[in-house]
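Here's the letter readout for the chains.
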Amino acid sequence: MRGLLKLNVTGAVLVDILPPLVERFVATHPEVRVEIMIDDRLVDVTAAGCDAGIRYGEYLAKDMIAVPIGPRFQRLALAAAPPYLEAHGVPLRPRDLLSHECIRLRFSSGALVGWNLERGDEHVPIDLPGRLIIGVDAAPAAIEFARAGRGIIATFENWLDPYFRSGALQPVCEFRCKPAGYSDLKPASVPI
């Protein structure tokens, strides 16, 4: 194989899933160049001039086929900085979140990333107003706001793990958060 492979991916895919795949691909196919276009909107990848696209929890056009490339599920975790929790208290139940500042993420489509809390068989969807709302493509900035004590955030658990280990952020509630529209990893889209 040789030539250019143009991919249209979301920013989250570029952080979590794509780097090791691209590393293996370019090592296996040294004559192929890879161009990665970041776009968090649901787009027609071929109309955007790309060969394939990778999305989370989105519908595929009927002329596309899907190939799984990453983990089947990714979970969100709730987190806040210790000083924030000292000042505002630690929420113990989902309803306690109503009295807290929340940092929300918004998809490019305009929809907020849902907070669907779960513990065992118990599921509690909660729609909190966010004082800070940040586009999903800037999730690292949202995490920095949480680290600065601006409120509670829900984002991918594996993105928060380094901050949990360092103590910069603390897990909130014993509930985990299953993201609406983001929980089932939609595989790569390839035109037929």
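Whatever comes next refers back to the structure up there.
In short, a report on the structure. Since the model is a prediction, treat every value here as computed from it, not as a measurement. (Residues numbered from 1 in each chain as written. Predicted model: local features only at pLDDT ≥ 70, side-chain atom pairs only at ≥ 80, totals over all residues. Heavy atoms only, no water.)

1. Remarks on the environment of Ser108
Relative to the helices and strands, Ser108 is located in the loop between β6 (102–106) and β7 (115–119). With relative accessibility at 40%, the residue Ser108 sits in the partly exposed group. Through-space distance from the C-alpha of Ser108 to that of Gly135 is 6.7 Å; in sequence the pair is 27 residues apart. With residues near it in sequence (within four places) discarded, Ser108 still touches Asp40 and Arg41. (Helix = DSSP H or I, 4+ residues; strand = E, 2+ residues; numbered from the N terminus. Buried < 20%, exposed > 50% of the residue type's maximum accessible area, 1.4 Å probe, protein only. Contact = heavy atoms within 4.5 Å.)

2. Describing the environment of Ala87
Here Ala87 shows up in helix α3 (residues 82–88). For Ala87, a relative accessible area of 61% translates into the label exposed. Between the alpha carbons of Ala87 and Gly149 there is a distance of 9.4 Å; along the sequence they are 62 residues apart.

3. Here we look at a nonpolar patch on the surface
A cluster of nonpolar side chains, contributed by Leu14, Ile36 and Ile38, occupies part of the molecular surface with about 210 Å² of accessible area. Inspection of the secondary structure puts Leu14 in helix α1 (residues 11–16). Take Leu14: its relative accessible area is 33%, and that puts it in the partly exposed class. (Patch = residues over 30% accessible without salt bridge, like charges linked within 9 Å, V, L, I, M, F, W, Y side chains within 5 Å. Areas by Shrake-Rupley, 256 points an atom, 1.4 Å probe, with all protein chains shown as cover. Salt bridge = Lys/Arg side-chain N within 4 Å of Asp/Glu carboxyl O.)

4. Observations regarding the pattern of salt bridges
As enumerated under the stated definition, the model contains 5 salt bridges in all. Note that Arg93 and Asp96 form a salt bridge whose closest N and O atoms lie 3.4 Å from each other. For Arg93, a relative accessible area of 39% puts it in the partly exposed group. The partner of Glu144 in a salt bridge is Arg147, with the nearest N and O atoms 3.0 Å apart.

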